[in-house]
Every structure is written in structure tokens, then in C-alpha cells.
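Architecture at a glance
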Amino acid sequence: MGNNISQKAKDRIFLCKENGGTDLNLSQCNSKRIPKRILRFKKTLKKLNVGKNTIQEFYGQIEKFLYLETLIAESNELKETCPQLAKLEYLTYLDVSNNILSIVPNNLKALITLNISYNSIQSFGNATIILPALQELIYTHNKVSIFPTEILELRTLRILNLAGNRLNYLPDEISHLAGTLVELNISDNVFTSFPTPIATLINLETLSLSGNNLGTLSNNFTTLSKLISINFSNCSLTSFDFDLSQLTNLQEIYLSENRIPQFGPLTCTSICSILNTIRILDLSNGAFTQVPKQIGWCKNLRRLLLAQNQLTKIPGELFLLNPSIDIILIPNPLEYPLGEWIKEGIPTFLRNLKPYMKCYGPNCTISDLGSELKAMAPNQFTINAFDYDNQPRVSGGDEFKVQMLLNGTNNKVDDGAVSIGGAPDESTTIPTNSPQQAFPMRSSLFFKSIECIVKDNKQTKPGTYTVFFNSPQTGSYSLNITSDGLPIKGSPFFVELN
């Protein structure tokens, strides 16, 4: 420890003395050594900050601070940490980031948090790591290319940050940390595919892979039901179509700086599972050409980032969002008058979107479905569309999927189409906007599903849709009607054809 210290350091020491000698901040004091005079606090000091100096080594006297709990020595010129640190029985926090260390600090039995970022520790050197209480390891930007297996022995580890290294794989044995690990950050490495061992980390709450050239994602992350935050920004993604229904705790989704034009149907439908939890959605600096209306149903959403995309339209359902929400939409090639509305502020912008809301399946109803329907004859009924606020729709353009199945069968049809009858081995579909008006008859004697055609009455009675069907055989049928994957009110319905 040295005696030549700056006036700034002297002032800090005096201030520490006046405040009980428990917290000493000597950061940015142009110190080359730890001042000897701070030994007067050896029985009281709990926190020592000597960061942002030019200290090259710890001296043995550091062990005399018997009750030291926090030691911050980041941004110095340390080449190693002295063995005497092991005698600090109460040390729980150690930050030696941004130095020139090549060896991991060790034998710190009470240590909970260790920050060794921005050093030259490319491996643990096959040393036996004795950090039995460690919960947080911040090990970023050390040019690590091979995963240090010694980390797998840290069975109390909760947070592992390996961002900014050169990793391209995770070992299967990372499952050894599944019982405790809640946060994993492997951003800005060189992964080219989603590391499948992540799926074994069943207690994971925060997952970040941003800045890796993944191209595509695996659906393995969707089984991690405790996830609160996922970050796949800048991963060269071109699509995002995953069932999020198991992620009922999800609060934050980061997908910025990708090339995703729109969410896939699985994602759009499963957004309903996170309506009450999602708080932040970042889709900025991407290639989105449309935003799903389901985002507007997320009434607890507090931040929506859509800037720097290719959006020309905005779904009317965004009217339902809290007016205090932080929405960033500009720049985007928005059609008139959206660009003008946004200049008037977010509350006005959202309020003007209300007339553009589409239908919400669970609020929609049917009418004119008679009790006595006939086989071998045309039948019809009406779908009445209502929006999320349970207001009648005043324009057309909604999409409904209608599937009519003979009871006891399960003939699946593709999303976005209406069911058409076929032979037992067939499943034929037509789009809801098909101009087809006839009801084709199949040569088979048995029909599992019956053709249904949906007509949009936007020219005569906007907001209503007529459904036509004709069955060649009698029987009991279930009538399933959905919109955006959600059943309408009362669906499924059961009808008898005589």
C-alpha cells in the first residue's frame, strides 16, 4: 500500500471517517496503489471501491479488512489477484473487470457475485474452482472459444453471463445447472444455430442470444415455461412462428434488427396466452410489413417499439392499448392519415384507430341456424362480427374458419381456410374468399366433413357473413367456427341433418 495519494483521495478518506468508516470510494483518484492510511478502517470497512485507477497489484494488507463485503477494482492494471483475498471471509461481491487478469480469482468461499469481464481469462486452466456460494458469474469479453467445463461445478449459480466471447456451442452437461440457473446471456458470440441444450434449463427466466448469426430458431425455447424475457435481436432471423402458449410468464420479447416480415400464424394465435403478462415488445429496425392485431389485446403492454420497419398500416386494435404506453413508430412509410395522427401524440393516434378494429372471435355470434336442417338441400346461417370492445363491426374483411364434422370424426383442415367435404382419406380446402358457388358432390358414400362457404356481406350488410353448406347424408354434426384461432361465442355448435 502506498502513502503518496491525491487530494481527492484524502478527501474521500476523510468523508469515510466522518460516516463511520464502512464505505470508502477511491475510484478515479489517480492511485497507483491502495493507500496505506486506509488501514485505520480495517475493523469497520465493508465496501471498498478502487476502480478506474492504475493499480497493478493488491498488497497483502488487504487481508486485514476482516469484515469487507464488497471490493470493486475494475478498470485498473491488475495482472493477478493476491491469494490473501481468500482470507476475506465475508467478501460476497468482487468486481475485477477491465484489467489484464489471466487467472480466475479462487478460494473465495463466501463470494456471491464475481465480475471478470474484459480480461484475458480464456480458460480456467483446469484449476479446481472453490467458489461454493457463487450465484452470479459475469464472464464477458474474454475471447473464450471453448466453454469452461469448470463452470458446471458451480452448483449454486443463478446468473451466467458469457456475452461477447467466441463460443459456438454449449455442452449437454450444462443441464447440471438446471436446478439453479435463472439467467443465461450468450449474446454476441459466434453461434450459427440455436443451442439445443438450453431446453434442459427448466428454471430459466431470462434468455439472451442477441448478436448471433442464427438464421433460424428452434422451438426448444417454447418449453421453458418460466421464461420472463427473451432476446433474439440481431440474429438474422427471417421468420418467427412459434407456439408461445406455454410461456405464460413472458413479459419481454426483443426481436429488433432482424429480417422478419410478419409473425407467423402460430405466434399470432398464441399471443392470447400472454395478454396479461407481456410488458415490452421490441420489433424495431427490422423488416416488418404488418403488425398482428392481437398486440392490441395486450392491455398491460407498456413499451412497443416499431420504428425503422416497412409498416404502411397499423391495426385498429392498438386503440385498446393504455394511452400512456411508450410507442415508437417513426420512421415508417405509414399511409395517410396515420403519419399525421402520430404527430398529434400517442393518445390521439390510438383514439383515431378505433374505427379500424377487426372482429374478435369470442364476441362474434351466429343467427338463422334453423333447428330443422335438411340433407341433400342447401342450408345457410349468418355470422355476426363484433370487435374486442363487443361493438358490431361496420365493415367487412374479417376472416372466419368454418369446419363442419360428422360426429365421431376428426378431420383437420389448414388454418385460414374453410372445410370442404371429402372422402375419408381426403382433406380439401378452399380460401374463404373463393368465388366458388357450387357445392360439389364427391363420389364417396361417406363424408367426414361438409363443405362450408363463407360469403362476406360487406356490400349489403357489412359486419355479417353468410355461411352456405349442403350435406349429401343425414347425421349429427359439430359446427366449429373460429377467427384468428379463437372460437366464436357458443362454438362448437351441434346440428342434426334429417
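Structure report, in brief.

Conventions we followed
Per chain, residue numbering runs from 1 following the sequence as it is written. Only residues with pLDDT of 70 or above have their local features reported here, since the model is predicted, and side-chain atom pairs are shown and tallied only from 80 upward, although totals for entire chains, interfaces and linings are computed over all residues. As a rule here, side-chain values cover all heavy atoms of the structure and leave hydrogens and water aside. Here, nonpolar core refers to any group of buried Ala, Val, Leu, Ile, Met, Phe, Trp, Tyr and Cys residues whose side-chain atoms link them within 4.5 Å. Burial classes: relative accessible area under 20% of the type maximum marks a residue as buried, over 50% as exposed, and values in between as partly exposed (1.4 Å probe, protein chains only). In DSSP terms, a helix is any run of H or I states spanning at least four residues, a strand is any run of E spanning at least two, and both are numbered starting from the N terminus. Between Lys or Arg on one side and Asp or Glu on the other, a salt bridge is scored when a side-chain nitrogen of the former is within 4 Å of a carboxyl oxygen of the latter. Strands are labelled as partners when DSSP assigns at least two bridges between them. Note on method: axes are straight lines fitted to C-alpha atoms, helices fitted across the in-contact stretch only, with angles between N-to-C directions ranging 0 to 180 degrees. Pairing of aromatic rings covers Phe, Tyr and Trp, the last through its six-membered ring, and needs centres within 6.5 Å; plane angles under 30 degrees mean stacked, over 60 mean edge-to-face, and all others mean tilted. Expected helix span is taken as 1.5 Å per residue step, with the number of steps being one fewer than the number of residues. This arc corresponds to the set of directions leading from the helix axis out to the C-beta atoms. Pairs of residues are marked as contacts when any of their non-hydrogen atoms sit within 4.5 Å. Whenever a nitrogen or oxygen atom comes within 3.5 Å of another N or O atom, the pair is scored as a polar contact, on the condition that within protein one atom can donate a hydrogen and the other can accept it, and that pairs from neighbouring residues in sequence are kept only if both atoms are in side chains.

Counting residues in each nonpolar core, the largest one holds 116 residues, and the members touching the most others are Leu-137, Ile-151, Phe-221 and Phe-232. Elements with a contribution of two residues or more to this core: α1 (7–18), α3 (338–343) and α4 (346–352). Ile-450, Tyr-465, Leu-479 and Phe-493 belong to the second largest nonpolar core, which has 25 residues in total.

Another aspect to go through is unusual backbone geometry. Residue Pro-331 follows Ile-330 across a cis peptide bond; omega there is 5 degrees. Along the polypeptide, Pro-331 turns up in the loop between β14 (326–328) and α3. A cis amide bond links Ser-491 to the next residue, Pro-492, at an omega of 5 degrees. We note that Asn-30 has phi near 55 degrees; this positive angle belongs to a residue other than glycine. The class of Asn-30 is exposed, set by a relative accessible area of 70%. We note that Asn-98 has phi near 55 degrees; this positive angle belongs to a residue other than glycine. Tracing the sequence through the fold places Asn-98 in the loop between β4 (93–95) and β5 (113–115).

Counted according to the given criterion, the structure contains six salt bridges. Between Lys-343 and Glu-340 there is a salt bridge, with the nearest N and O atoms lying 3.5 Å from each other. Here Lys-343 and its partner Glu-340 are both found in helix α3, three residues apart, which amounts to about one turn of the helix. Since its relative accessible area comes to 64%, Lys-343 is described here as exposed.

With that out of the way, let us pick up the environment of Phe-400. Counting through the fold element by element, Phe-400 comes out in the loop between β16 (379–384) and β17 (401–406). Put simply, Phe-400 and Ile-481 are 81 residues apart on the chain and 6.8 Å apart in space, counted from C-alpha to C-alpha.

Another aspect to go through is the sheet that holds strand β21 (residues 452–456). The strand order β15-β16-β22-β21 describes an open sheet built from four strands, whose pairing is antiparallel. Here the strands that pair on one side only, and so sit at the sheet edges, are β15 (365–367) and β21. Each adjacent strand pair in this sheet contributes to an overall mean axis angle of 30 degrees, direction not counted. Looking at chain direction, β16 and strand β22 (residues 464–469) are connected through six bridges and run antiparallel. Its bridge partner lying in β22, Ile-383 is registered against Tyr-465.

Each aromatic ring pair is specified by the distance between its two centres and by the angle formed by the two planes. Evaluation of the coordinates by the stated rule reveals 15 aromatic pairs. Considering the side-chain rings of Phe-124 and Tyr-139, the 5.5 Å spacing of their centres and the 65 degrees angle between planes classify their relative orientation as edge-to-face. Here Tyr-139 lies in the loop between β6 (136–138) and β7 (159–161) and Phe-124 lies in the loop between β5 and β6, a separation of 15 residues in the sequence. You can call Phe-124 buried: its relative accessible area is 7%. Residue Tyr-139 is classed as buried on the basis of its relative accessible area of 0%. Where Trp-297 meets Tyr-388, the ring centres are 5.5 Å apart and the plane angle is 20 degrees; that geometry is what we call stacked. Of this pair, Trp-297 sits in the loop between β12 (280–282) and β13 (303–305) while Tyr-388 sits in the loop between β16 and β17, and the two are 91 residues apart along the sequence. Residue Trp-297 is classed as buried on the basis of its relative accessible area, which comes to 2%. Taken together through their ring pairs, the aromatic side chains of Phe-194, Phe-221, Phe-232, Phe-240, Phe-242, Phe-263 and Phe-288 make up a single cluster.

The next subject is α1. Under the 1.5 Å per step criterion, the end-to-end length of α1 is 17 Å for 12 residues, consistent within 8% with the ideal 16 Å. Buried within α1 are the following residues: Ala-9, Ile-13 and Cys-16. Each buried residue of α1 lies within a common arc of 60 degrees when the element is viewed along its axis, so the set occupies one face. Opposite the buried face of α1, at more than 90 degrees from it, the exposed residues are Gln-7, Phe-14 and Glu-18. Contacts from the buried residues of α1 go to β1 (23–25). Looking one or two places after α1, you find Gly-20, whose phi comes out positive at around 100 degrees.

Further remarks concern the pairing of strand β23 (residues 475–483). Extensive coverage of β23 is indicated by the burial of seven of its nine residues. As paired elements, β17 and β23 share six bridges and run antiparallel to each other. Counted as the bridge partner of Met-404 is Leu-479 from β23. The pairing of β23 with strand β25 (residues 493–497) spans five bridges and is classified as antiparallel. Residue Ser-478 lies in a different strand from β25, and its bridge partner there is Phe-494. Pairing of β23 with strand β24 (residues 486–487) involves two bridges; the strand directions are antiparallel. Paired with Thr-482 across the bridge in β24 is Pro-487. Hairpin connection from β23 to β24: two residues lie between these consecutive antiparallel strands, with Asp-484 at a positive phi of about 55 degrees.

The next subject is the side chain of Asn-212. Looking at the secondary structure, you find Asn-212 in the loop between β9 (206–208) and β10 (229–231). A distance of 3.0 Å separates the side chain of Asn-212 from the backbone oxygen of Leu-209, its partner in a polar contact. Those residues within four positions of Asn-212 in sequence are excluded, and the remaining contacts are Ile-186, Ser-187, Asp-188, Asn-189, Val-190, Phe-191, Asn-234 and Cys-235.

Once that is clear, we can look at the pairing of β17. Of all the six residues making up β17, six are buried; the element is thus mostly covered by neighbouring parts of the structure. Taking every second residue as pointing to the same face, both faces of β17 are buried, with Lys-401, Gln-403 and Leu-405 on one and Val-402, Met-404 and Leu-406 on the other. In the sheet, β17 pairs with strand β20 (residues 449–450) via two bridges, with the strands oriented antiparallel. Residue pairing across strands places Leu-405 opposite Ser-449, the latter belonging to β20.

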